[in-house]
Amino acid sequence: MADRRRRILAEAQAIIDELGVEGFTIRELSRRAGIAQRTLYNQFGSKEDILASAIHDHFAGLLTAVPAPPAASDFEAHLRRIDVLADRTIELKRYATAMVGVFFSPTVDRRLYDTLRWISGGGSVAWVPEAVRAGVLAKLSPEDVERLSTLLVNTAYANITDWAAGRISAGEMKLRFKTNFLICIQPLTRAPHQRTIARLVQRLRREDF
């Protein structure tokens, strides 16, 4: 059963990469995987569940090659980790392009949206609650944690959209990832950390990081 599930999701991932989410159909997955459509529905529940599972498993595998999150106060290490995540995005341009189209769609299924939010949780978003616990950020309410996390997610996907559309280079996208992260968190960090962030922003402006 586990082998069959992996095979189904591998075929689903290949279809997404080739045709995008809009081109993904249960009929095509059934044909490629050699499994009846009814069996696919019985195992996963719906087309959206298959898509969410395929995207989740695909990026979960990629995140295993990314360094573990550093201490919340180690901003330079976090920026280096952002670089690694950005490089993975660049390597998977077709996949990333498909994902941003889904994320910003007003009709996106909630399961797909939540999966894409989870992917961002592997980067800057995961830093937010840890930084609150570590005292790097000022004490935030759960609502403010959610607002900051949403801001980081939305700006990240907006940058990927600009890059995928050819409006900015890959290097500019990576620079924006790091600069936007620092600018978004700076007003909410405690005083000593604000000075560190200001210095890092200046270094990024000089392309010295």
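The preceding data block contains the structure.
Residues numbered from 1 in each chain as written. Predicted model: local features only at pLDDT ≥ 70, side-chain atom pairs only at ≥ 80, totals over all residues. Heavy atoms only, no water.

## Looking at the packing of helix H6 (residues 93-103) against helix H9 (residues 142-164)
Then, number 1: Look at H6 against H9: their axes get within 9 Å of each other, and the N-to-C directions meet at 125 degrees. The angle between H6 and H9 places the two elements in the oblique class. Relative to H9, H6 is oriented so that their crossing is left-handed. Each of Lys93, Ala96, Thr97, Val100 and Phe103 in H6 lies in contact with H9, whose residues at this interface are Val153, Asn154, Tyr157, Ile160, Thr161, Trp163 and Ala164.
Then, number 2: Among the residues making up the contact of H6 with H9, the classes are represented as eight nonpolar, three polar and one charged. (Axes fitted to C-alpha atoms, helices over the stretch in contact; angles between N-to-C directions. Helix = DSSP H or I, 4+ residues; strand = E, 2+ residues; numbered from the N terminus. Parallel < 35°, antiparallel > 145°, perpendicular 65-115°, else oblique. Left-handed = near helix turned anticlockwise from the far one by under 90°. Contact = heavy atoms within 4.5 Å. Nonpolar A, V, L, I, M, F, W, Y, C, P; charged D, E, K, R; others polar.)

## What to know about the layout of surface pockets
Then, number 1: Looking at the largest pocket, its volume works out to about 170 Å³.
Then, number 2: Listed by contribution, the elements that provide at least two residues to the lining of the largest pocket are helix H4 (47-63) and H6.
Then, number 3: Looking at which element gives the most residues to the lining of the largest pocket, the answer is H4, with three residues.
Then, number 4: Split by residue class, the lining of the largest pocket holds five nonpolar, three polar and four charged. (1 Å grid on protein atoms, 1.4 Å probe; cavity = no way out; pocket = protein on both sides within 12 Å on 5 of 7 lines; lining within 4 Å. Points joined across faces, edges and corners; volume = space filled by probe spheres on them.)

## Comments concerning empty space enclosed by the protein
Then, number 1: Applying the stated rule across the entire model yields one cavity of 30 Å³ or more.
Then, number 2: The volume enclosed by the largest cavity comes to roughly 550 Å³.
Then, number 3: Taken together, 30 residues line the largest cavity, and the ones lying closest to its centre are Leu85, Thr89, Ser120, Ile160 and Phe177.
Then, number 4: Sorting the residues of the lining of the largest cavity by element identifies H4, helix H5 (75-91), H6, helix H7 (110-120), helix H8 (124-133), H9 and helix H10 (170-185) as the ones contributing at least two each.
Then, number 5: When residues in the lining of the largest cavity are grouped by element, the largest group, seven residues, is from H9.
Then, number 6: Of the residues in the lining of the largest cavity, the class split is 21 nonpolar, eight polar and one charged.

## Concerning the packing of aromatic side chains
Each pair of aromatic rings is reported with the distance of its centres and the angle of its planes.
Then, number 1: Taken as a whole and assessed by the stated rule, the structure comprises six aromatic pairs.
Then, number 2: Here Phe75 and Trp127 contribute two aromatic rings whose centre-to-centre distance is 6.2 Å and whose plane-to-plane angle is 50 degrees, an arrangement assigned as tilted. Of this pair, Phe75 sits in helix H5 while Trp127 sits in helix H8, and the two are 52 residues apart along the sequence.
Then, number 3: We classify Trp127 as buried; its relative accessible area is 5%.
Then, number 4: Summarising the aromatic geometry, the rings of Phe103 and Phe104 are spaced 5.1 Å apart at their centres and angled 85 degrees between planes, so their arrangement reads as edge-to-face.
Then, number 5: With relative accessibility at 4%, the residue Phe103 sits in the buried group.
Then, number 6: When its relative accessible area of 42% is taken as the criterion, Phe104 is described as partly exposed.
Then, number 7: Chaining the aromatic ring pairs together yields one cluster made of Phe103, Phe104, Tyr113 and Tyr157. (Phe/Tyr/Trp six-rings, centres within 6.5 Å; stacked < 30°, edge-to-face > 60°. Buried < 20%, exposed > 50% of the residue type's maximum accessible area, 1.4 Å probe, protein only.)

Remember that the coordinates give geometry; whether it matters functionally is a separate question.
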